[in-house]
Amino acid sequence: MRALKKAPKKVLKKALKRTPRKTLKKKSAPRIAPPVISARLNSRIALEARADGSILAVFEGHSVALGKFSAGVMDRAESLRTGLPLTSFAAGSRNADPEIDLLVRQLARHGLLEYRLGHLRDDQDQVVIEPQVPDYWPRTPKLGEAEIIVLSRFAYLRRRGNEMVLESPRADALFKICNPKIATAIATLSVPQKISRLRRQDGFPGVELLALLVDCQILFKIDAANGDGLRPAEGDDNLVLWDFHDLLLHTRSTEGRQANPLGGLYPHAGVISPPPAVRQRWPGKKIDLRKFSAAPPQSNSPVAKLLRERHSTRDFDDQQPITLAELSRFLDSTARVQSKWKSRVDDGEGSPVVAYAARPYPSGGSAYELELYLTVANCEGLARGCYHYDADRHALVPIAARAHELEAMLTAAEFAMDAPAPPQILITIAARFGRVSWKYSSIAYALILKDVGVLIQTFYMMATDMGLGGCAIGSTNIDLFAKITGIEFHVEGPVGQFAIGRGRKSGVSG
């Protein structure tokens, strides 16, 4: 028995002498390359080359000119179908192709690219990034191991068809999540987490994705000392006043910060029959009111007459444009501050004092949060340009807008009205959102839209009374407005538009 016990030790000793030292080292785990961000052409976009060397991006019957390029660029651009790593566009890159770089930047400027996050030798996408604003370009700010990140309270995951998307009304892009483990990992960020701790978790999505989400404000960094105050910690005090659903509705029902189809596109034609213009009759015995309301036309009040004559005008007479005097009267009668006063929130001595200012139209809670911005194309006595209407002093204040921004505002209005030319004056109705949400919870944005409705009706009534033409416009571009005014879209932004001018006699519609 002793011999048997000693034998293995001798054998082991000899084996150790024969075994090279390097084979006894612990093998390290294979290093996994981090995922790469690549730019690729949106699947709905086709590139077309013309004989003169110009390249067009074509989609859904539209085309965008991208510039002129040399003969071989179209062949090299084929790689955009699968994706080109963003590192190849970095300054000083050995593989940089100046013309492809220019082409990609032009495509990005028009929001015609998408970006994939995945491994170069793997066909499977981990995440696909879809820009929601023009000019989006993925950026990955540096994240330290000790930094703490958490999901924004405006971020949400939802199903889109058979896909899962992560988005936020604050974000410049949405993220299509292709790997379910990534969605699970992101869900854990409803609680603030340290980067170093996240790295140790199973299914860690990679610091590259986290950096992209921080850049889009879907995630944000917080101070460990002030981690409890998450609502005001997102980097902008004005966001404290916003409820999630209000900010989402504002961005998703306007142009500028989303890439969804928008406007009169008849999306349900062929799927559901159009609802009738007049509701089917309610069962029961009717009380006929016609005999009570029958009256000779001359006995109608001026208000009743204006209501019957009100109509939308989309065609304006540029040979006889609206005058500055007429514009002054119009603004004075519809939007000028009539009186001001202050009042405490309640009877208590320490309660806040709120200032009020009445105007000709009604406003929820007397907030009067609506501001008027005028884009002037043709007005006798007033230079072409952008102006803010100071309702307190009854004055117009010029805004330094660039020519192409001014043109973009007027062209968008022309398109939205389906008009033959731009309006003489475009009034953009903007809201100071905090003025309403400081008081009201859950209904703030709905109240603002109601105020817009009554102001537009006031505009119609006054335009009709003055013999002018007017037309309400259903779409606004909140990103373009922010660029012109320099005001963040969630601080003060467009909620309605109205075209005003002298209408042609034949330019009458419903």
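Criteria and thresholds
- Residues numbered from 1 in each chain as written.
- Predicted model: local features only at pLDDT ≥ 70, side-chain atom pairs only at ≥ 80, totals over all residues.
- Heavy atoms only, no water.
- Pairing = 2+ DSSP bridges.
- Helix = DSSP H or I, 4+ residues; strand = E, 2+ residues; numbered from the N terminus.
- Axes fitted to C-alpha atoms, helices over the stretch in contact; angles between N-to-C directions.
- 1 Å grid on protein atoms, 1.4 Å probe; cavity = no way out; pocket = protein on both sides within 12 Å on 5 of 7 lines; lining within 4 Å.
- Points joined across faces, edges and corners; volume = space filled by probe spheres on them.
- Nonpolar A, V, L, I, M, F, W, Y, C, P; charged D, E, K, R; others polar.
- Polar contact = N/O pair within 3.5 Å; in protein donor to acceptor, adjacent residues only side chain to side chain.
- Buried < 20%, exposed > 50% of the residue type's maximum accessible area, 1.4 Å probe, protein only.
- pLDDT = per-residue confidence, 0-100.
- Contact = heavy atoms within 4.5 Å.
- Core = buried A, V, L, I, M, F, W, Y, C linked by side-chain atoms within 4.5 Å.
- Left-handed = near helix turned anticlockwise from the far one by under 90°.

Trainee: When you look at the sheet that holds strand β18 (residues 385–390) in this model, what are you seeing that I'm missing?
Mentor: Across a sheet, paired strands are connected by hydrogen bonds in the backbone, their directions being either parallel or antiparallel. The six strands lie next to each other as β19-β18-β17-β20-β22-β21, forming an open sheet whose pairing is antiparallel. With one partner strand each, in any of the chains shown, β19 (395–399) and β21 (469–473) form the two edges of the open sheet. When the angles between neighbouring strand axes are averaged without regard to direction, this sheet yields 30°. Note: β21 against strand β22 (residues 492–501), five bridges, orientation antiparallel. In the strand pairing of β22, Ala 472 is matched with Phe 498.

Trainee: Looking at this structure, I do not really get empty space enclosed by the protein. What am I missing?
Mentor: Picture a little ball the size of a water molecule; that probe, rolled over the atoms, points out where space is still empty. Counted by the stated rule, this structure contains two cavities of 30 Å³ or more. For the largest cavity, the calculated volume is near 70 Å³. Lining the largest cavity are Tyr 373, Leu 374, Thr 375, Cys 386, Tyr 387, Ile 399, Met 409, Thr 428, Phe 481, Ile 484 and Thr 485. Residue assignment for the lining of the largest cavity shows that the elements contributing at least two residues are β17 (370–376), β18 and α14 (478–485). What lines the second largest cavity is simply Trp 242, Asp 246, Phe 433, Ser 437, Ala 444, Tyr 445 and Ile 448. Listed by contribution, the elements that provide at least two residues to the lining of the second largest cavity are α12 (433–437) and α13 (444–465). Per element, the largest residue contribution to the lining of the second largest cavity is three residues, and it comes from α13. Residue classes in the lining of the second largest cavity are distributed as five nonpolar, one polar and one charged.

Trainee: How do you make sense of the environment of Arg 314 when you look at a structure like this?
Mentor: For Arg 314, the location among the structural elements is in the loop between β14 (312–313) and α10 (324–334). At 3.3 Å, the side chain of Arg 314 forms a polar contact with the backbone oxygen of Met 417.

Trainee: Any chance you could explain the pairing of β17 here in plain terms?
Mentor: In the case of a regular strand, side chains alternate between the two sheet surfaces. Burial analysis of β17 places seven of its seven residues in the buried class, the great majority of the element. On β17, burial covers both faces: Leu 370, Leu 372, Leu 374 and Val 376 on one face and Glu 371, Tyr 373 and Thr 375 on the other are all buried. Sheet topology places β17 next to strand β20 (residues 425–432); seven bridges connect them, and they run antiparallel. Its bridge partner being in β20, Thr 375 is matched across the sheet by Leu 426. Taken together, the five bridges between β17 and β18 define a ladder with antiparallel strand orientation. In the strand pairing of β18, Tyr 373 is matched with His 388.

Trainee: Just to check I follow, could you spell out the confidence of the model for the chain for this structure?
Mentor: Residues at a pLDDT of 70 or more form 89% of the chain, whose mean pLDDT is 90. Contacts of residues 1–7 to residues separated by more than four positions or lying in other chains number zero contacts, the stretch itself having pLDDT below 50.

Trainee: Hey, could you run me through the nonpolar core in this one?
Mentor: Across soluble globular proteins, you tend to see nonpolar side chains buried next to one another. One finds Leu 47, Leu 66, Leu 103, Leu 107, Tyr 115 and Phe 175 to be the most contacted residues of the largest nonpolar core, which totals 54 residues. Top contributing element to this core by residue count: helix α6 (residues 207–215), with six residues. Among residues more than four places away in sequence, those in contact with Leu 66 are Leu 47, Ile 55, Leu 56, Ala 57, Leu 103, Gln 106, Leu 107 and His 110. Counting residues in hydrophobic clusters, the runner-up holds 47 residues, among them Ile 322, Leu 372, Phe 459 and Phe 498.

Trainee: Before we go on, may I ask you to explain the packing of helix α11 (residues 403–417) against α14 in this structure?
Mentor: Working note: a packed helix pair is described by the angle between its axes plus the distance between those axes. Look at α11 against α14: their axes get within 11 Å of each other, and the N-to-C directions meet at 150°. With respect to the hand of their crossing, α11 and α14 are arranged in left-handed fashion. In this structure, α11 contributes Glu 405, Ala 408 and Met 409 to the contact, and α14 contributes Leu 480, Lys 483 and Ile 484.

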